[in-house]
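Chain and residue survey
Chain by chain, the residues:
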Amino acid sequence: MPELQKIRHWIGGEYTDPASGEWLDVYEPATGKVYAQLASGNAEDVERAVQKAQEAFPGWSTMPAVERSRVLYRLSELIDERLEDLARTESIDNGKPLALARSVDIPRARDNFRFFATGLLHFASESHNAPGAYVNYTLRQPLGVVGCISPWNLPLYLFTWKIAPALAMGNCVVAKPSEVTPHTAALLGELADQAGFPPGVLNIVQGTGPGAGSAIVAHPAVKAISFTGGTATGAAIAAQAAPMFKKLSLELGGKNPNLVFADCDFDEALETSVRSSFANQGQICLCGSRIYVERSIYNRFRDAFVEKVRALRQGDPLTEGTQQGAVVSEPHYRKILAAIETAKAEGGTVLCGGAPAPQSGRCTEGWFIQPTVIEGLPAECRTNQEEIFGPVVTLQPFDTEEESLGYANSVRYGLASTIWTRDLQRAHRLAERIEAGIVWINCWLLRDLRTPFGGMKDSGVGREGGWEAMRFFTEPRNICLKY
Ligand code: NDP
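The following paragraphs examine the structure supplied in this document. It should be emphasised that the depicted structure is a prediction, and the values quoted were computed from it without experimental measurement.

**Some remarks on helix H13 (residues 401–408)**
Turn by turn, an α-helix covers 3.6 residues, leaving residues three or four places apart pointing in a common direction. Turning to H13, its buried residues are Glu 401, Ser 404, Leu 405 and Ala 408. When H13 is viewed along its axis, its buried side chains cluster within an angular range of 100° and face the same direction. The elements touched by buried residues of H13 are strand E13 (256–260), strand E14 (288–294), strand E17 (392–398) and helix H14 (424–431).

**Points about the side chain of Glu 28**
On the secondary structure map, Glu 28 appears in strand E4 (residues 23–28). Among the residues examined, Glu 28 registers a relative accessible area of 10% and is labelled buried. Sequence-distant contacts of Glu 28, defined by excluding residues within four places in its chain, comprise Lys 33, Tyr 35, Ile 92, Arg 362 and Trp 367.

**Considering empty space enclosed by the protein**
Counted according to the given criterion, the structure contains 5 cavities of 30 Å³ or more. When its volume is computed, the largest cavity comes out at roughly 120 Å³. Lining the largest cavity are 16 residues, and of these Gly 282, Ile 284, Cys 287, Ser 289 and Phe 389 sit closest to its centre. Mapped by element, the contributors of at least two residues to the lining of the largest cavity are E14 and E17. Residues that form the lining of the largest cavity fall into these classes: 7 nonpolar, 7 polar and 2 charged. Quantified by volume, the second largest cavity comes out at close to 60 Å³. The leading source of residues in the lining of the second largest cavity is helix H5 (residues 155–168), at 3 residues. When the residues that make up the lining of the second largest cavity are grouped by side-chain class, the tally is 8 nonpolar, no polar and 2 charged.

**Digging into unusual backbone geometry**
The backbone of Asn 280 shows a phi angle near 55°, a positive value even though the residue is not glycine. Mapped onto the elements of the fold, Asn 280 is located in the loop between helix H9 (266–278) and E14. Among the residues examined, Asn 280 registers a relative accessible area of 1% and is labelled buried. The phi torsion at Gln 281 lies on the positive side, around 55°, for a residue other than glycine. Here Gln 281 is to be found in the loop between H9 and E14. Look at Gln 281 and you get buried, because its relative accessible area is 1%.

**Notes on the site of the ligand**
Inspection of the region around the ligand gives 30 residues, with Glu 179, Thr 233, Leu 252, Cys 285 and Glu 387 positioned closest. Contact distances for the ligand include 2.8 Å between an oxygen atom and a side-chain N or O atom of Lys 176. Between the ligand and Glu 179, the relevant distance is 2.7 Å, taken from an oxygen atom to a main-chain nitrogen or oxygen of the residue. The set of elements that each furnish at least two residues to the shell around the ligand consists of helix H7 (209–218), strand E11 (222–228) and helix H8 (231–241). Tallying contributions element by element places H7 first for the shell around the ligand, with 3 residues. For the shell around the ligand, a count of residues per class yields 12 nonpolar, 14 polar and 4 charged. Three or more residues apiece are contributed to the shell around the ligand by two domains, here domain 1 (5–252 + 459–482) and domain 2 (256–449).

Rules used in this analysis
- Residues numbered from 1 in each chain as written.
- Predicted model: local features only at pLDDT ≥ 70, side-chain atom pairs only at ≥ 80, totals over all residues.
- Heavy atoms only, no water.
- Buried < 20%, exposed > 50% of the residue type's maximum accessible area, 1.4 Å probe, protein only.
- Helix = DSSP H or I, 4+ residues; strand = E, 2+ residues; numbered from the N terminus.
- Arc of directions from axis to C-beta.
- Contact = heavy atoms within 4.5 Å.
- 1 Å grid on protein atoms, 1.4 Å probe; cavity = no way out; pocket = protein on both sides within 12 Å on 5 of 7 lines; lining within 4 Å.
- Points joined across faces, edges and corners; volume = space filled by probe spheres on them.
- Nonpolar A, V, L, I, M, F, W, Y, C, P; charged D, E, K, R; others polar.
- Near = heavy atom within 4 Å.
- Polar contact = N/O pair within 3.5 Å; in protein donor to acceptor, adjacent residues only side chain to side chain.
- Domains from an automatic or database assignment.

Here you go:
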């Protein structure tokens, strides 16, 4: 058998083997087969990465802003030049349709660097004065070495969403992608080198959460942790980091409501709700997994929705035209199928899907699940309370605006929400009371990178995006001068 491709750490400007000498299997979800070996990082690798980052920090943090901007911008151009290759790699690594990686994931990774490369040129700090008495001015200085830890669902997209603002503000980074989807992050090392990043400014330690992730959080020289992932992992990271008084940004799970009122633009609500339910096999933290529909249009919406979901083309993610690929891993596949069984046991009626979706050819052993729509479940059952993070949504009718709000807010999460109505007064009334960090009215996933991004309740702490992210990666120092 030919030797499998090796995915190594990127530390100090070069690809390096793991200190432990141990390698992990990386699977292609569409085939269920191992296709690469991943460096299994540990505290020793993290120590080396932090040292390299500390060495690079004085030069990087004092580099003129225009120079830093130029390097970040060049990286965005290089991502663009490699778009097709990166999209293919992402699709193989994650199971998502190639078309999605090509139109969303990789362009967004490019735009993350482009956005913060230009943003840093306009970043200003505050000054407050009392005329004739004193002036305060605030320095916003880079923190030093920071840690960025990201999940598997939008691998390069979310990895770069953290790294770009951290680097833009003059920090050096030790980052870890998910062990399940490490490949595009590894390629970023080589592109960063070509873009002109000095060695050590960006370090990528591969490996598991407990092995490499936890060592990044524990390292005393790592001043801040920007984390996106599950709520339980976020809580563990917070418990580890809090006694060291690290800055923390936690973007965690969601169980997002999608409220559809009778006066909505029916076709648009329908079309977008199919997307917001099943894009990336439902594995986007912003997907609307609980759809509440006003009773007078419930049956019409349900029937049309199920018809459209049944028509989604599922298959090999690398085949053009595929709309539904594989879910990311075997454990996740089993978890989603178990959640569907729970929904049935709770009395839910499966309107479509509800089972594996066996494929042929090279995908025979891949992890495919039919897009699943369930109705007849109360708001408080497990299916409607716990994050499934797969191609599973529930439908429920409601009678009044107040009732819909109660359903929307009935979970411990508060990440995103969608409201479909032509009544803008109602939309606004609901938008200011829904417990969610992001409210979309008559749209979904329309993202402006300047806006604050993040959740309330158990969906996290802090906000990413725009100035929020840039400020997070700085230490404010206020200086008061009396005159
Ligand atoms: P996990 O929480 O399992 O993992 C996220 C990252 O943290 C991975 O890189 C993981 O490593 C690492 N990790 C795990 N344990 C630790 C630890 N003790 N210390 C440090 N790092 C650790 O999430 P998933 O990867 O399963 O991602 C899915 C979750 O992410 C869902 O809950 C989803 O809602 C959430 N999410 C939230 C978003 C948001 O913006 N709010 C956006 C996207 C997803 P490894 O996997 O290699 O073990």
